[in-house]
Each structure stands twice: as C-alpha cells, then as structure tokens.
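Chain and residue survey
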Amino acid sequence: EIRNFVRQKSLELGYPFYDLRENKGLMREIMFRNTTDGQWMVLIIFAEEDPTVIENLMGEIQKNFPQISCLYYSINQKNNDSYEGLTMNYYAGDQYLTEKLEDYIFKIHPKSFFQTNPKQAVNLYNVAKDFARLKGDEVLYDLYSGTGTIGIYVSGKCKQVIGVEYVKEAVDDAFENATLNEVKNARFFAGDMVKVLDDAFVKANGQPDVIITDPPRAGMHPDVVKKIVALSPSRVVYVSCNPATQVRDIAL
C-alpha cells in the first residue's frame, strides 16, 4: 500500500523516477523494515535535495499512513545505492525500531545491520552459541560485530565480550544495545580489524579463548585470517552469508 501510494503520488506531482544509467531523476529508492511485533520503518531516498518536494511527499506519507513507526528520508547523489556516507534525516515517529531476540532487545536505526528474519536469527545465534561451547570463564572476541547482536546474545555465557567493527555508527548502536540490556561485560571498538587487533589491544583486553566472526559476503581479508591464526584461540565460530568465501577463508 505504501509503495503504491508513493508511486501514484510521484506520478500526480510530476516527480520523475530515477534512472541509474543516466543518473537523472528524483525518486530513487524506498526501504521498508518491520519487526515481529508490527513496527514499521520507511526510508525514502531522493536523488536531489529539494525541500519543497521532500516536504510535500513526506507529509503525504505521514498523513496517510499513521501506522508507520519511524519515517526517514535521505539524499543520494552517488552513482551507487549503498548507504555509506548518506545522512539519514529523521522526519516523524520514533527514531528507531526495537526487536526482541529471546531475552534481549535491540534498537534498529536506518543504517543498522540486522538479520532480516528475526525468528531465524534466534536459531542462528543459538547454533553459534552452541558451537562456541562457552563455560562462563572465556574471553570472547566478536569480529565484524555490527550492532553487537551476537556478542550481547552470548554475553551471559562468557566472562568478557570484545567486539570489533569497521562502522562507527554500528559500534555506537552496540554500546546502546548493551546498555539497554544491562550487559556489563561487553566492550566494542571501531576501526580496521587488522590495525585494531594489535599486541597492545590484546594485552589490554585479554587473549581470546573463543572468536566468533560474522563477516560480510566478501568474507575476511587475508590479513584478518592471519591475525586470527596468530591470536590462537581454542575455537573459532564462523557465521557466513556466503559459503564460497567462507570455504576460501577456512582453507587459509
């Protein structure tokens, strides 16, 4: 309903749809996110910054769909659809969604990575927790930790969680999620994985007994693989969304 409404309203108002090859047009993309308890986030991506156009359309969406929990817009003038470098402009409703995974609650902002199937995410994280075979006294490194979901989810089964993530906004979310869930044994760090995981870092945070790594589709950089080998944990749990790159990394 929302998608069709935005399309129809754009046609009525004469707002042209974006052509990626020509890099022309106005209406570029819509992102929808929803939670298991019925919250909805809508993000409209415009290709040009025109305050009148934005206000006209966003106002119409808000008026016609009061069930939207979080309403955002952004301007993307790049030649790709990634959200990197984009500012997410809050328009109406709440500033984030909240999703519950068993006993833990997680805030989801427009740029936050979160498993698209929360019920299956619980199964996935339980498998990762089982494979980690935690006894309660381990230092666990959570690599590519994102918003801290896996680290926080297993935090009750280990002594300390140390999360490392490239994206600073995700690390900010991870701290927020740890506070929200009253998890006091988790710390998160932003930066290039290889540069962060140096001797001083390990000395300050402890030698990892277990590493859980959940990289993007491209898998892990060879230098990260070498670093994991050098850290010599008793166990590595590799969560993957691309079996091909996982096989490559395991071979290394």
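Basis of the calculations
Residues numbered from 1 in each chain as written. Predicted model: local features only at pLDDT ≥ 70, side-chain atom pairs only at ≥ 80, totals over all residues. Heavy atoms only, no water. Helix = DSSP H or I, 4+ residues; strand = E, 2+ residues; numbered from the N terminus. Buried < 20%, exposed > 50% of the residue type's maximum accessible area, 1.4 Å probe, protein only. Contact = heavy atoms within 4.5 Å. Lys, Arg positive; Asp, Glu negative; His and termini not counted. Charge placed at Lys NZ, Arg CZ, Asp CG, Glu CD. Pairing = 2+ DSSP bridges. Axes fitted to C-alpha atoms, helices over the stretch in contact; angles between N-to-C directions. Salt bridge = Lys/Arg side-chain N within 4 Å of Asp/Glu carboxyl O.

Looking now at the overall build of the chain. The number of helices and strands found in the chain is nine helices and 11 strands. Of all 252 residues assigned to the chain, the portion counted as buried reaches 49%. For the chain, the proportion of contacts with a sequence separation of at least 24, taken over those separated by at least 6, is 60%. If you average the places of the 28 positive and of the 34 negative side-chain charges in the chain, the two averages end up 4 Å apart.

Pairing is mixed in the open sheet, where four strands are placed in the order β1-β2-β3-β4. The sheet is open, and its two borders are formed by β1 (27-34) and β4 (89-93), each paired with just one other strand. Sheet twist, expressed as the mean angle between neighbouring strand axes with direction ignored, is 20°. As paired elements, β1 and strand β2 (residues 40-46) share seven bridges and run antiparallel to each other. Counted as the bridge partner of Arg33 is Met41 from β2.

The final tally for this structure, using the stated rule, is eight salt bridges. Across the salt bridge formed by Arg28 and Asp81, the nearest N and O atoms sit 3.1 Å from each other. Here Arg28, found in strand β1, pairs with Asp81, found in the loop between β3 (70-75) and β4; they are 53 residues apart in sequence, far enough to count as distant. Its relative accessible area of 39% is what places Asp81 among the partly exposed residues. With a shortest N-O distance of 3.0 Å, Arg248 and Asp249 are connected by a salt bridge. Through salt bridges with shared partners, a single ionic network connects Lys9, Glu12, Glu60 and Lys63.

Once that is clear, we can look at the pairing of strand β6 (residues 104-108). Burial of β6 is extensive: four of the five residues sit out of reach of the surface. Taken together, the five bridges between strand β5 (residues 97-101) and β6 define a ladder with antiparallel strand orientation. Looking at the pairing, Lys100 lines up with Ile105 of β6. The turn linking β5 back onto β6 is made up of two residues, and Glu102 within it adopts a positive phi angle of 55°.

The five strands are arranged β9-β8-β7-β10-β11 in an open sheet whose pairing can be described as parallel. Two strands bound the open sheet, and with one partner strand each, they are β9 (186-190) and β11 (235-238). Neighbour to neighbour, the strand axes of the sheet diverge by 15° on average, direction disregarded. Summarising the sheet, strand β7 (residues 139-143) and strand β8 (residues 160-165) pair through five bridges and their orientation is parallel. Bridge pairing in β8 places Val139 opposite Gln160. Where helix α3 (residues 118-132) meets the sheet, it contacts β10 (210-213) and β11, and its direction lies at approximately 165° from that of β11.

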